[in-house]
Each structure stands twice: as C-alpha cells, then as structure tokens.
2 protein chains.
Amino acid sequence: MMRTRPLKVALLGCGVVGSEVARIMTTHADDLAARIGAPVELAGVAVRRPSKVREGIDPALVTTDATALVKRGDIDVVVEVIGGIEPARTLITTAFEHGASVVSANKALLAQDGAALHAAAEAHGEDLYYEAAVAGAIPLIRPLRESLAGDKVNRVLGIVNGTTNFILDKMDSTGAGYQEALDEATALGYAEADPTADVEGFDAAAKAAILAGIAFHTRVRLDDVHREGMTEVTAADFASARKMGCTIKLLAICERARDGASVTARVHPAMIPLSHPLASVRGAYNAVFVESDASGRLMFYGPGAGGAPTASAVLGDLVAVCRNRLNGATGPGESAYAALPVSGMGDVVTRYHISLDVADKPGVLAQVATVFAEHGVSIDTVRQQGKDGEASLVVVTHRASDAALGGTVEALRKLDTVRGVASIMRVEGE
Amino acid sequence: MMRTRPLKVALLGCGVVGSEVARIMTTHADDLAARIGAPVELAGVAVRRPSKVREGIDPALVTTDATALVKRGDIDVVVEVIGGIEPARTLITTAFEHGASVVSANKALLAQDGAALHAAAEAHGEDLYYEAAVAGAIPLIRPLRESLAGDKVNRVLGIVNGTTNFILDKMDSTGAGYQEALDEATALGYAEADPTADVEGFDAAAKAAILAGIAFHTRVRLDDVHREGMTEVTAADFASARKMGCTIKLLAICERARDGASVTARVHPAMIPLSHPLASVRGAYNAVFVESDASGRLMFYGPGAGGAPTASAVLGDLVAVCRNRLNGATGPGESAYAALPVSGMGDVVTRYHISLDVADKPGVLAQVATVFAEHGVSIDTVRQQGKDGEASLVVVTHRASDAALGGTVEALRKLDTVRGVASIMRVEGE
C-alpha cells in the first residue's frame, strides 16, 4: 500500500550532518519510501551561505530564509541540524505552528528547553524526535523511551563525549599531559578550535539532562546537572588510577537515589576499574550503561559523533515520524509524570580518591584519619609515600556523600600538617 | 489525558517469564498506566497446571482454556510466553481474529512462521511485537527496525545464546572439555536437562533468521540459516585459538554480500580476536554487533535470557502496543520489500583455521600448499609441528568462499600424506 504523494521534508542546516542527511535521502530514496510507505522528498534546504556548492542538492531547493521555509505550510517534517539555541528554537516552534513535525539533533536546545518544545509539539499534535542529540548513531533515546518503558531504570552511566574520551584515552595510553593530548585531538579533527563545550563538560551535561529526563520520567534541566570538566586531569592522576587498577573517563551519571525518592545527574572525570566495560571504550567512541530493575545491565556502544552516524540517527527518526504521520498518530511525547525532585551534588553518594601533600613527620596519618572519622567518611585504603621532609598520602574512601566529603576536605585544608590537596577524584563503576 | 477504561491483557503461560510479567504488571501498575496513558489490567492467565499456587495472581483469573481466553473479544493484548510451535501459533492467530494484538517471546515460532503471523496481524489490523524473542532484555528488534530504518545494515554478528557462551567461556578460562563445562552449566541452571536446542545451535539459528529478516528487509526462513553446533569444540581448539590471539564463540552471523545482491545467515563456532569486543563477553551474557553504512559499528550488550530481563522486553512491547491501540494505529509490521535472495553456505566468504595430521616427511607442506593453490584458497600462515614420524600442520587462510574451502579439504583428505583433518574453524570479526 504505497502512497504516491510524497512527504515533504525541510532541512535546516547543510553542514557535516545535514549534507549526509540530504545525500542518504537521495541515494536511498527507494528504501526510505518502502520503509515509510510513501516517498519522501527534500522540499527545501535552509543554509547560511547559499553560494557554497553542495554536491547532489538541487540549487533550486536552497534558501537562506529558514523562517519562510518552515512557514510554507506544505512541509511534513522539519529536520533541524543547525544546532545552538537561536534561531533553532524559534524555527522549531514555528514549524509546529505550521503543521510540521520536527526531527532535531540539537542537544543544547533540548537540554535547555525540552519541556517547552515538547509542550508546543503536543499542543499542535506534532512529533518531536531527537535520537541524534545524544551519542550520535547509538540508539539510546528510543530504547530508554520505548524498550524500557515497562522497566524501572535506576542508573545511566556513560561516556557521551567523543572528544574528551579521545583526549583521556591518549593521556592513558601514551602518558601525555592534557595539553599535548588536546593538541593531537585538534590536529586530527576530534576537537574544535574552541574545545570549551567538550572539555568543560557542557556537551556531556546537556546529554545527561536529556537522558536523566527520559530515564526517570522527570524534568531534568541543564542547571540541575552538576558539571566538572576534565582540563585538570593530570598524568599523575592516571598514574594514581593505574595503581588502583583503574583508568579515568569523563562520565555522565544519572542516578535514582537508593530510596527512590529523588534523582541526580552529574558530569565529571572519574576513576573506573579496568575490568569495567566502559574502561575499554577507546578513542572517540561512546558507550552508555543502563541499569534497570528487571533488565539488569545493558550497554550500548558505537560512534558518538560524525556526519554519517548522526545522519543515521536523524533518518531513523525521520522514518518513524513519517510513519506516524501516515498513521494519523504521534509517537510518545514527553513523559515527566514521575516529577521526582532532582537533588544537588551534596546528596550524591560515591567513593573518592584523594591525594594530599603532607609534612613527613609522625602523627600526620592519625590526624588525617581523625578528620575523616569526624565527618563520617569511612576510609578504605591509605597509601603513604615520603621523601625529604615532604610526603604524599593517598586516601581511598568507602561510599560517602559528596557533602560529607566536601566537609572532610575543608577540614583537611585547615590542618597545619596538610600542605595541600593535590587531587580529588570520584571512583565509579564498582 | 488518562483514559479510565483499562486495556485488558491476556497472559498465555505463567512460567519463569510469565510470572515476572504478571508481577511487574501488578507492582508497577501506576507507572505503566502513566506511560501508556490508560490503566492496563491482567484479564486472564492461561496455564497448564491450575493447581499451582501463583503468588500475586488472583486465582479467579487463572484458566486452562487458553483458546476461550483469546476468543473472549474484550482482550486488547495477548502476551504469549508459552513457547514452541503449537498451540502458540493457533492461539496467536485466533487472538488476531478476535481483535487482540500480540506480544510474543517465541523465537522458534517467529523464525518458522513469522511471515504468516505478520500477514495475519496485518489482515486484522493488529500489532505483532516480539523484542523478547531475541537476546532477552537487549533492545535489538526495535533498534534494527526503527533506529536504523534510515540506514543500510550490512552485517549482524552476535553472541545470542547464553548457555553456549557460558560453556565456551568456561572451557576458555579453565581449560575444561566440552562435557565438563556442560555439566557445570547444567548444575548452575544455565543449561536445560536436554541442551540440544542450545548446543546444536537451533536456538541461535532461530534468532539469526529473525535478525536477518529485519536487518535486510527480506524473508529469511529458519531453513535458510546454516547451522553448526558447538559440541565438537575441544580444549585443543582453544589452545590453537590462543596461539592466534583468539578465543572461540558460537556466533550468529547475518551478512549482505559485498555486491549487495544477496544475503546469508549462519550459526557456527568461530575464532575471534581477543581484541574484538565480543571476545570479552563473559558467562551467559549476550552481545550483538551491527555494522551499517552510515552508523558504522554499534554494539548492544546485556543479559540474553532469564525471567526478569525477558519480562522487561515483553513489557516494553506491551506499552508500545497499548499506546498504538490508544492512537488507533499499529506499529511497523513486517518489512520484506527488499526480497533479496538468501544464499547458501557455499557463497559465504571468510577465513579458515585448519589443523591437519600429516606424515612427518619432506615435501608434505609443498603438497598441501599446492592443493590450496589449485582451489584458489590463499594461505595466510602455516605452522608445522612434528614428532615421532607424525606431524601437525596448522593453516590459516585469507578470505575464501566456503565452497572453495570445502573443495580444498576434500582434496586434502585424498592425499596419502594427510592422515586426517583434525579441525576446521572459521575466523571472524577481523
């Protein structure tokens, strides 16, 4: 039962991802038509630089007036791959108002304004799909939202930024420092000229907000996500990690509290055991663990970025949205009914690895241990190294709240015998 | 917008999986209602032994008359977790005829009669979902059918049977022989009293047929799947594998030919490099690699069996089918439009590891090498070991067709200097 009138698609943005979307729509038109049940046609492409030659795209389709394109009224689906907050946000809501559904790869916008965008989609009876916004081609949104719809997700733990994973992997495997590894990532095209969004964890935090929201059926705003970048991770941290049988990854962690009454979301570098499957995720790859009541531990692994992988995710959504449209239905919208409180970092419970520079004299360990005990933070192991009147003390704790650990460190800094706190790193995945 | 009239579910089978489905439907009723948009109610449970006490299930719901249950006419969704061909097949088609959609975990039935069941579902405007039929809780059907709907899948390579993976992992890690490892798997409940379906590869072949059909949009029947069990894998094979930096796994492999004009599906033990992510899949876990044009290599990992994980997959499908029903729509049905020819094993191209027992005298290697060359099979490496007039020759080939390799082996057996072919194993995942 093939419908002959084509579904019309407006493409906003024709960069690395958009040009791949256009290419696949053209070269795989017959397959897409068969899978959707109707042909799908590229009806317009909004770009900033219309003079640029775009192979395989009819120049007559190219426009710089994205607003006019989404207002045309005959567009079935708008594919938004321009990124950033504006004009993407206005274009998406305008698309809904003019009878189009939207497929977006825009993590920053979804993390910041997901609730309002979902509300706009629902008000106009349109779909808003965004599989490509998190971890490129790796199916995550759909499995969380649909495959696990009958399960209770307790934890999402993942490597969701390829740039930082490339840098950390390089530091781990070569002993390079942060700057040297960043330079290589930049030279190879894995890092942008301004790497801030990646290395400071903004990109991963946006993804964490999106994943936490879907996993816990709760609105999680970008501001709710505790964020620490990885620019201060040193070669010494990797040496410490190795002594513990660990490596260091920038992790996005979304957790339901043990009592089930609240959730947290955070992004920070952390040590994880080499035996954990995430430890062996190399280069720019992404991988996400999802732990649920019934299904246990699932892992999803693949390329987390890049034009073609991201386009694959966009096109999967495009097929789904087109099918919904032919069915006269919409897919699952926002699910935020659980409305759990989102706790701050102080409530997060995990283990810590702390390196202290201390005076090399008797009684220091006893003093330090007393401070930990006074703050209710139980010590798992201590390692002492000393030379020339200076010494270092490495403490690994049992599980403690971030608030308790913070109080401990503050008190440690006040000890005369503690010269400085060289590093504090969380230990995850155990 | 919560509908108050509940959707009614009939559960066929209340064993390991069915009892978990019933338990979660009861304990998570509020969550399921919120996610579906309407309450969902267990309206009847068909069992073989009604006298057995089933905790948490109202005895008034229990019946031995499954046929009457699916014919009631007020059932929205039938969940079939009895397994086997009959009476499951008749019950499912009867359900469609009486206005119910179906969620099934029945891999054997889907592999054998998928096309007819899909046709029956479509004729009656009902859904047929079966995520739980392949790899338990791991989302595979939905990602292949929906997330990758805009991509071109070229290869599915996976460990889809937990029993055999447990046995092979045990043999690898302890040096145990097949029987000893099987005995331990049986004692621990990982293998059934009659392990034939698992160890002879029937279970994996059914899953391969289902995965190949969805991945290639082509009907792949169970008979189309080349199947070899793993009962003849020996400790010596593992020793050979280790010398090559490999381990041995029972793999399900669905491939599109390089020219794109045909597909193959097969299940057999194979060597894979230790560096391949599938090599580190331990115990009864499952993992599946999916290689596509745009998305590259994706991996899905998790528990491939067990009551709770399988129930998680069933409930995800139940939520989706209920949502479709409220929307007055159905989800994607069978997609077999590509209708590619399914080639036999002779057309499969891969590498081979062959162990020969040969006479320990000059010229044997030259004779053997000549036979390979005459059949167009190029040799990668040869290793010779000899003592007391007997010698072994281990040959690893470059990529060659199964037909060419078969001809080579037949000719080798006719050589006077070849006493026997000790083992032939394919090498995959490179």
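Everything numeric here is computed off the predicted structure, so don't read it as measured data.

(A) Structural detail: the overall build of chain A. For chain A, the count of helices and strands is 14 helices and 17 strands. At 24 Å, chain A has a C-alpha radius of gyration in line with the 22 Å of a compact globule built from 430 residues. Reported as C-alpha extents along the three principal axes, the dimensions of chain A are approximately 85 × 45 × 35 Å. The 430 residues of chain A split such that 57% are buried. Sequence-distant contacts in chain A: of pairs separated by 6 or more residues, those separated by 24 or more amount to 73%. Summed over its atoms, the accessible surface of chain A is roughly 16,500 Å², and 50% of this surface lies on carbon and sulfur atoms. One way to put it: in chain A the 41 positive side-chain charges average out to a point 2 Å from where the 52 negative ones average out.

(B) Highlighting the sheet that holds strand E5 (residues 101-104) of chain B. Residue and element names in this part refer to chain B. The strand order E3-E2-E1-E4-E5-E6 describes an open sheet built from six strands, whose pairing is parallel. The outermost strands of the open sheet, each flanked by one partner alone, are strand E3 (62-63) and strand E6 (128-129). Where E5 and E6 come together, two bridges link them in parallel fashion. Within the sheet, the bridge partner assigned to valine 103 lies in E6 and is tyrosine 129. Running at roughly 165° to E5, helix H12 (residues 307-327) makes contact with strand E1 (7-12), strand E2 (40-46), strand E4 (77-80), E5 and E6 of the sheet.

(C) Region of interest: the packing of aromatic side chains. All names here are of chain A. For the coordinates displayed, the defined rule picks out five aromatic pairs over all chains. Between tyrosine 285 and tyrosine 301 the ring centres are 5.1 Å apart and the planes differ by 10°, which places this aromatic pair in the stacked class. On the criterion of sequence distance, the pair formed by tyrosine 285 in strand E11 (residues 285-292) and tyrosine 301 in strand E12 (residues 296-303) is long-range, its members being 16 residues apart. Judged by its relative accessible area of 15%, tyrosine 301 is buried. Positioned over the ring face of tyrosine 130 is arginine 145, at 5.9 Å from the centre of the ring. Its guanidinium or amino end placed over the ring of phenylalanine 202, arginine 227 lies 3.8 Å from that ring's centre, counting from NZ or CZ.

(D) Summary view of the interface of chain B and chain A. Residue-level contacts link 44 residues of chain B with 44 residues of chain A. Glutamate 146 of chain A is the salt-bridge partner of arginine 142 of chain B, the closest N and O atoms lying 3.6 Å from each other. Where chain B packs against chain A, one counts 18 residue pairs in polar contact (both at pLDDT 80 or more). For the side of chain B that touches chain A, the elements supplying multiple residues, two or more each, are helix H2 (29-36), helix H6 (141-147), strand E12 (296-303) and H12 of chain B. Residues that form the side of chain B that touches chain A fall into these classes: 23 nonpolar, 10 polar and 11 charged.

(E) Quick peek at the nonpolar core. In terms of nonpolar packing, the biggest core is built from 158 residues, with Val78, Ile167 and Ile210 of chain A together with Val78, Ile167 and Ile210 of chain B touching the most fellow members. Non-local contacts of valine 78 of chain B, meaning those with residues more than four positions away in its chain, are made with Ala10, Leu12, Val70, Ala95, Ala100, Ser101, Val102 and Val103 of chain B.

(F) Broad picture of the pairing of strand E9 (residues 246-256) of chain B. All names here are of chain B. Burial of E9 is extensive: 11 of the 11 residues sit out of reach of the surface. Burial along E9 is two-sided: Cys246, Ile248, Leu250, Ala252, Cys254 and Arg256 and Thr247, Lys249, Leu251, Ile253 and Glu255, pointing in opposite directions, are all buried. For strand E7 (residues 153-159) and E9, the ladder comprises four bridges, and the chain directions are antiparallel. Residue pairing across strands places glycine 158 opposite alanine 252, the latter belonging to E9.

(G) Region of interest: the UniProt feature "active site" (unreviewed entry) in chain A. All names here are of chain A. In the numbering used here, UniProt assigns the "active site" (unreviewed entry) feature to Lys207. If you trace the backbone, lysine 207 turns up in helix H10 (residues 202-216). If near-sequence neighbours (up to four positions away) are discounted, lysine 207 is found in contact with Lys107, Ala133, Val134, Ala135, Val160 and Asn161.

(H) Geometry of helix H4 (residues 88-97) of chain A. Residues and elements named next belong to chain A. Residues of H4 that are buried: Ala88, Leu91, Ile92, Thr94, Ala95 and Phe96. The inward-facing, buried residues of H4 contact strand E1 (7-12), helix H3 (66-70), strand E4 (77-80), strand E5 (101-104), helix H5 (107-123) and strand E6 (128-129). Positive phi appears at glycine 99, one or two residues downstream of H4, with a value of about 85°.

(I) Just the side chain of serine 295 of chain A, in detail. Looking at the secondary structure, you find serine 295 of chain A in the loop between E11 and E12. Ignoring any residue separated from it by four or fewer positions in sequence, one finds serine 295 of chain A in contact with Leu148 and Asp151 of chain A together with Ala137, Pro303, Pro309 and Ser312 of chain B.

(J) Region of the structure containing the pairing of strand E10 (residues 263-273) of chain B. Residue and element names in this part refer to chain B. Judged by how many residues are buried, E10 sits mostly within the fold: 11 of 11 residues are covered. Neither face of E10 is exposed, since Val263, Ala265, Val267, Pro269, Met271 and Pro273 on one face and Thr264, Arg266, His268, Ala270 and Ile272 on the opposite face are all buried. Here E9 runs beside E10; their pairing, made up of 11 bridges, is antiparallel. Across the sheet, isoleucine 248 pairs through a bridge with methionine 271, a residue of E10. Between the antiparallel neighbours E9 and E10 lie six residues, among them glycine 260 with a positive phi of about 75°.

(K) Spotlight on the packing of helix H7 (residues 162-174) of chain B against helix H11 (residues 235-243) of chain B. All names here are of chain B. Axis separation between H7 and H11 bottoms out at 10 Å; the angle between their running directions is 70°. Here H7 lies roughly perpendicular to H11, going by the angle between them. Pair H7 / H11 crosses with right-handed handedness. Residue-level inspection shows Leu168, Met171 and Asp172 of H7 in contact with H11, the latter providing Ala235, Phe238 and Arg242.

(L) Inspection of the sheet that holds E6 of chain A at higher detail. If you trace the six strands from one edge of the open sheet to the other, you get E3-E2-E1-E4-E5-E6 (chain A), paired in parallel fashion. Among the strands making up the open sheet, the edge pair consists of strand E3 (62-63) and E6 of chain A.

(M) The side chain of threonine 310 of chain B, seen in detail. Residues and elements named next belong to chain B. Structurally, the position occupied by threonine 310 is in helix H12. Since its relative accessible area comes to 9%, threonine 310 is described here as buried. Ignoring anything within four residues of it in the chain, the contact list for threonine 310 reads Val17, Ala105, Ala132, Gly136 and Ala305.

Scoring rules and cut-offs
Residues numbered from 1 in each chain as written. Chains lettered and ligands numbered in written order. Predicted model: local features only at pLDDT ≥ 70, side-chain atom pairs only at ≥ 80, totals over all residues. Heavy atoms only, no water. Helix = DSSP H or I, 4+ residues; strand = E, 2+ residues; numbered from the N terminus. Rg over C-alpha atoms; globule rule 2.2 N^0.38 Å. Buried < 20%, exposed > 50% of the residue type's maximum accessible area, 1.4 Å probe, protein only. Contact = heavy atoms within 4.5 Å. Areas by Shrake-Rupley, 256 points an atom, 1.4 Å probe, with all protein chains shown as cover. Lys, Arg positive; Asp, Glu negative; His and termini not counted. Charge placed at Lys NZ, Arg CZ, Asp CG, Glu CD. Pairing = 2+ DSSP bridges. Axes fitted to C-alpha atoms, helices over the stretch in contact; angles between N-to-C directions. Phe/Tyr/Trp six-rings, centres within 6.5 Å; stacked < 30°, edge-to-face > 60°. Lys NZ or Arg CZ within 6 Å of the ring centre and 35° of its normal. Salt bridge = Lys/Arg side-chain N within 4 Å of Asp/Glu carboxyl O. Polar contact = N/O pair within 3.5 Å; in protein donor to acceptor, adjacent residues only side chain to side chain. Nonpolar A, V, L, I, M, F, W, Y, C, P; charged D, E, K, R; others polar. Core = buried A, V, L, I, M, F, W, Y, C linked by side-chain atoms within 4.5 Å. UniProt positions renumbered as here; feature names shortened; annotations may be inferred. Parallel < 35°, antiparallel > 145°, perpendicular 65-115°, else oblique. Left-handed = near helix turned anticlockwise from the far one by under 90°.

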